[in-house]
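Descriptive analysis of the structure
Chain by chain, the residues:
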Amino acid sequence: MTALPASIPLSHCRLLYTTESQLPKVECLQALVSKHKLSLSINVELITTKLNQKSREQLSADTTQPILLLDDKNKLSLLSGGLSVAPEWDKLQRRVVSAGRKTELLLQAAKVGVDSHVVDATAGFGHDSLILASTGAQVTMLEQQPLMALLLLAEQQRMSTQPNWQKLMARLHIINTDALSYFASCQNSVTLDSSTVETTHAFVNKIVEVVYLDPMFPENSYQDSKTGKGAKVGKHMQALHYLASAPSLVQEQQLLQGAQALVRSKVNGNSNASDDISINGDSDNTKQQGRVIVKRPQHAPLFAHQPPDDSWHNAAVRFDGYFS
C-alpha cells in the first residue's frame, strides 16, 4: 500500500511561529513531514505581530498558500478565512469517556468493539476516529490532504504525552493517502511502501469489519430542499471545504464499491475491561456483518444514489449503513 500515488504534486504551505523558543517544535513538525513522507513543502516564518482576530484575517487575505499557525502554547492550527482550526482532541475528552451506543449514533451504526478493525477513509480532523477508537477498536485513519495529515500526526504526538490518552492514541494509525488507492492496495495485497510500514504493518492481513466514510458534500446539502432550513456549517467543516471538494457521483460510486469490497464478516470476541479513559465496554459477542457506514447531513441525498440497508439519524445528521 503506497502512502501517496506518485502523481500527487507537492503541496506548499506557510508555517508561522511566534517565538524563537518554538524552534524545537518547528523541527519536530519538519521531522514528521520527513518520517511520513508527506508531499508537503513548508516555508517557516517567525512572526512578531500579535495573533488577534484582525491579524489572522489579514494573514489569510495576504496569501494564496495555506497557513499553519504554531501558537504560544505550541498548538498547531490551520488558518482558514481568518479562523484558526485545529483537531483539539483534548476538548472531546468528556465525549470520548462517555461514548457508547446510547449516546453516539456512529457507534449504533458501526457496532464495533475491542479488537475490531475500522478504516476511517476520510479522517478530516479525526473526531469520529476518536469515538470509534473509544470502543477499543483499532482505527486506520486515511487523510488525502498532506496538510491535514500533518495536523493529525502533530495532534496524536501532542496527546500521546498525556498518560490517560496514550492507549487511545496507540489505537490510531494515520496514513496520508486517498481512500481509493488504499482500497485497491488492500485488495491487491501490494507490498507496503516504507513510509507506512511502521504504522500499518500489523493490519495488512487483518480483516476490516467497518469502513467509515464522511465525504465532503456541497454546502447546500445541510439544508432541507423544501424549507431551506438546516444545520449551520461549523468552522471545522468550513476549513475542510477550503481544502477539498465534494466527490462526483462517479467518485461516490467508486468509494462505496471499494469500501464494500474491503469489509468482511467476522466474529467479534469479548475482552477484558481497561483502565484507560476510552474503552466504553459496548463490545458484544455476536457475529458482525462487514459494513460500510456513510455519514450525511440529515437532508442530503443518498450517497452514490444507493439506498442503505439501515440508517440512524437525529435532527442534523444521519449514518447510512451498507452491509455485506
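What counts, and at which threshold
Residues numbered from 1 in each chain as written. Predicted model: local features only at pLDDT ≥ 70, side-chain atom pairs only at ≥ 80, totals over all residues. Heavy atoms only, no water. Pairing = 2+ DSSP bridges. Helix = DSSP H or I, 4+ residues; strand = E, 2+ residues; numbered from the N terminus. Axes fitted to C-alpha atoms, helices over the stretch in contact; angles between N-to-C directions. Buried < 20%, exposed > 50% of the residue type's maximum accessible area, 1.4 Å probe, protein only. Arc of directions from axis to C-beta. Contact = heavy atoms within 4.5 Å. Polar contact = N/O pair within 3.5 Å; in protein donor to acceptor, adjacent residues only side chain to side chain. Salt bridge = Lys/Arg side-chain N within 4 Å of Asp/Glu carboxyl O. Expected span 1.5 Å × (residues − 1).

Picture the strands of a sheet paired through backbone hydrogen bonds; they go either parallel or antiparallel. One open sheet accounts for 7 strands, arranged 8-7-6-9-12-14-13; its pairing is mixed. Where the open sheet ends on each side, the last strands, each with one partner, are strand 8 (172-175) and strand 13 (310-313). Sheet twist, expressed as the mean angle between neighbouring strand axes with direction ignored, is 20 degrees. Two elements, strand 12 (residues 291-297) and strand 14 (residues 317-323), share 7 bridges in a ladder whose sense is antiparallel. Of the residues in strand 14, the one forming a bridge with Val292 is Tyr322.

Moving on: helix 2 (residues 53-61). Taken as a whole, helix 2 has its buried residues at Ser55, Arg56 and Leu59. Projection of helix 2 onto a plane perpendicular to its axis shows the buried side chains occupying an angular sector of 100 degrees, all on one side. The exposed residues of helix 2 that point more than 90 degrees off its buried face are Lys54 and Ala61. Its buried side turned inward, helix 2 meets strand 1 (11-17), strand 3 (67-70), strand 4 (76-80) and strand 5 (83-85). Where helix 2 starts, the residue carrying a side-chain oxygen 3.3 Å from the main-chain nitrogen of Lys54 turns out to be Asn52.

To continue, consider the pattern of salt bridges. Throughout the structure, instances matching the rule amount to 8 salt bridges. Of the charged contacts in the structure, one is a salt bridge between Glu45 and Arg14, with a shortest N-O distance of 2.7 Å. Placement of the pair is Glu45 in strand 2 (residues 40-46) and Arg14 in strand 1, with a sequence separation of 31 residues. The salt bridge partner of Asp320 is Arg318, with a shortest N-O separation of 2.9 Å. Arg318 sits in the buried class, given a relative accessible area of 7%.

Let us look at the environment of Tyr182. With respect to the secondary-structure elements, Tyr182 resides in helix 8 (residues 179-188). Here the alpha-carbon distance between Tyr182 and Leu142, two residues 40 residues apart in the chain, equals 8.2 Å.

Glancing now at the sheet that holds strand 2. With mixed pairing, the 5 strands of this open sheet are ordered in space as 2-1-3-4-5. Of all the strands in the sheet, just strand 2 and strand 5 have a single pairing partner and so form its edges. With direction set aside, neighbouring strand axes in the sheet form an average angle of 30 degrees. In this sheet, strand 3 lies alongside strand 1 in parallel orientation, the contact comprising 4 bridges.

Before going further, it helps to examine helix 1 (residues 23-35). Compared with an ideal rise of 1.5 Å per residue, which puts 13 residues at 18 Å, helix 1 spans 18 Å between its outermost C-alpha atoms and is within 8% of the ideal. Among the residues making up helix 1, those that are buried are Lys25, Val26, Leu29, Leu32 and Val33. Viewed end-on, helix 1 has its buried residues packed into an arc of 115 degrees, placing them on one side of the element. Turned more than 90 degrees from where helix 1 packs its buried face, Pro24, Glu27 and Ser34 sit exposed. Residues of helix 1 that are buried in the fold lie against strand 1, strand 2, strand 3, strand 4 and helix 6 (146-159). Taken from the residues just after helix 1, Lys37 is the one with a positive phi, measuring 50 degrees.

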